[in-house]
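Read off the chains here:
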Amino acid sequence: MRFRGESIEIPCANLLEMLEATVERYPTHTAAYFMGNEMSYRELYTAVAQVMSELSALGVKHGQRIALMMPNCPEYVIAYYAITGLGSVVVQISPMSTPTELKYVLGDSGAPIVIAYEPLLRTVFEVRAEIPMQTVIGVRFSASGERNRQTSPQTSSGTDSPDIWLDEWTEAQMGESADQSMGVRQTRTGSNDAQPAARPLLPDRHAIHLDDVAVLQYTGGTTGKPKGAMLTHRNLVANAVQSSRMIPGGITVQDKMVCALPFFHVYAMTVCMNLSVFTGMTMLIVPRFDAKEVMSLFEQHHPTLFPGVPTMYVALSQAAKGHSDALASLRACNSGGAPLPEQVMVHFENLTGAVVLEGYGLSEASPVTHTNPGADRRRPGSIGLPVANTEARIVDAVDGETELGPNEEGELLIKGPQVMKGYWQRPRETEQTLVDGWLHTGDIAKIDEDGYAYIVDRKKDLIIASGYNVYPREVEEVLYKHPAVVEAAVVGADDHYRGETVKAFVVVQKTHQVTEEEIMNWCRKHLSAYKVPKQIEFREDLPKSAVGKVLRRDLRTHK
């Protein structure tokens, strides 16, 4: 049994052409707001063109990898589109990377150029002693959002100084006129914008084929070393277009998107950055998620769209107590990155009046493959239906081939224009993951008679207790319904008798007191005996990734 999303036309365009189309339609519309400053789409494009010219002068060639290591900021967007506009490849790197992690990704990708945020340069230069780097480019901005031209204490002059600062390449800074920063030619379009679009002069560039790799998106590395998923221009433009149809009522240029998810993560790259650029809406860029700061952003700018992960919805619900009206501008939210507990969704919707639509994706699919339709058609607990031009089916998790029927649990397979080209320099892993065009996700799921998919859990997270299969998500859903529980995560713990036993890590509200036995009794009311946690550990918080996803692997390691 298989299901396919609606059929739509995907434009034959690369990422830069996608940006150019938006600049022609909405040249003066605000592309980004960041720390008190604004940048129009024309200014954004002018800055992209300038960085393209400077990278080209450095000898950057088609297919060359360039690493980005910085928090969310306009420079990230500029560098991303400049690199891909030259036919080069963005290597996404978490700004939280340790020297060991950075060394691995740079060594594996072979990126000779690194563009890094100023406080991270010390880490870059620690690695530079072992990994040859042609050029290190620094990015700097102060708390006010203004570029700080003075060398900061983190990057004292000498070995920690970059070879060039990005702001020395372009003066098309936020709030300045793009026409003053470099020569442009005016192009008349049918835009309803007040001013005609501006086309900066671009450097000579090689032809970009839609199947050229645009981004190396490294997987989390939960099993073995991280692998670089090769995402092409076709993949990324397609997924931006597919994502534009996720929101009930569509997206307009008047929408404002909160970009609090980190751009280096595949979810934010597509659903925050590329989707905004494709539709022409405004990105409200947040360097790092902080619930109080995001609440302030809501109060000042009244955003309409918010993509997040479950932990963000928990944090915002806590922060909004007493002044939930600040979130009244929201009309739609998307949740991904991890399963969304139904109780968290219901609480946030009751608080804001917005609809929260759970979806699903993975790095190897750019990432979006599923989403729930509008509130009238969604099914809580489900990841929804395949997005446009995407097929999904369930196969036997053991043989990977036998197709299963409705509501039978097996591995979820995906086919669509957003599915990666393969893993960078990993032909064997590519062959195991991509079979006849189908992406093996590694997730256990089921699909009902109407095509709605339900993720049961990751294959590797399955707990086998006394021969019984226990999926952590089912237990976590029950824990989240307890009135005292704020966050919960479930893992398998070694047990000399059962082989594995169920262990729960729980964060409770500070205003509540609850015992281990009370939590267990709650679970006994809602779960079969073999699924009830035999161990409860209370925590003040849970370990999370940079995108806010609870790290079960860390809990297993330190259990």
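Report on the accompanying structure. Fair warning: this is a prediction, and the values are worked out from it, not measured in the lab. (Residues numbered from 1 in each chain as written. Predicted model: local features only at pLDDT ≥ 70, side-chain atom pairs only at ≥ 80, totals over all residues. Heavy atoms only, no water.)

## Describing the nonpolar core
Nonpolar side chains tend toward joint burial in soluble globular proteins.
Okay, so step 1: Counting 177 residues, the largest nonpolar core has Leu 19, Leu 55, Tyr 80, Tyr 81, Leu 106 and Phe 306 as the members making the most contacts within it.
Okay, so step 2: Here this core gets 9 residues from one element, more than from any other, and that element is helix 8 (residues 266-279).
Okay, so step 3: Sequence-distant contacts of Leu 106, that is, excluding residues within four places in its chain, are made with Ala 67, Ile 93, Ala 111, Val 114, Val 127, Ile 131 and Met 133. (Core = buried A, V, L, I, M, F, W, Y, C linked by side-chain atoms within 4.5 Å. Buried < 20%, exposed > 50% of the residue type's maximum accessible area, 1.4 Å probe, protein only. Helix = DSSP H or I, 4+ residues; strand = E, 2+ residues; numbered from the N terminus. Contact = heavy atoms within 4.5 Å.)

## A few points about the pairing of strand 16 (residues 332-335)
Okay, so step 1: Both faces of strand 16 are covered, namely the face carrying Ala 332 and Asn 334 and the face carrying Cys 333 and Ser 335.
Okay, so step 2: With 4 bridges connecting them, strand 15 (residues 305-308) and strand 16 associate as parallel partners. Following the sheet pairing, Gly 308 is matched in strand 16 by Ser 335.
Okay, so step 3: Bridging between strand 16 and strand 17 (residues 355-361) involves 4 bridges; their strand directions are parallel. Its bridge partner being in strand 17, Ser 335 is matched across the sheet by Glu 358.
Okay, so step 4: For the segment spanning strand 16, helix 11 (residues 342-352) and strand 17, crossover handedness is right-handed. (Pairing = 2+ DSSP bridges. Right-handed = clockwise from strand over helix to strand, strands pointing away.)

## A look at unusual backbone geometry
Okay, so step 1: Put simply, Ser 366 and Pro 367 share a cis peptide bond, and its omega is 5 degrees.
Okay, so step 2: If you trace the backbone, Pro 367 turns up in the loop between strand 17 and strand 18 (368-371).
Okay, so step 3: Within the chain, Ser 366 stands out as a residue other than glycine whose phi angle is a positive 75 degrees.
Okay, so step 4: Residue position: Ser 366 is located in the loop between strand 17 and strand 18.

## A word on the pattern of salt bridges
Okay, so step 1: The tally for this structure, following the rule as stated, stands at 22 salt bridges.
Okay, so step 2: The closest approach of N and O atoms between Glu 391 and Arg 4, which form a salt bridge, is 3.9 Å. On the criterion of sequence distance, the pair formed by Glu 391 in strand 20 (residues 391-395) and Arg 4 in strand 1 (residues 2-4) is long-range, its members being 387 residues apart.
Okay, so step 3: Across the pair Glu 537 and Arg 539 runs a salt bridge whose closest N-O atoms are separated by 2.7 Å.
Okay, so step 4: When its relative accessible area of 23% is taken as the criterion, Glu 537 is described as partly exposed.
Okay, so step 5: Residues participating in the shared-partner salt-bridge network are Arg 2, Arg 393 and Glu 403. (Salt bridge = Lys/Arg side-chain N within 4 Å of Asp/Glu carboxyl O.)

Any link to function would need more than the numbers given here.
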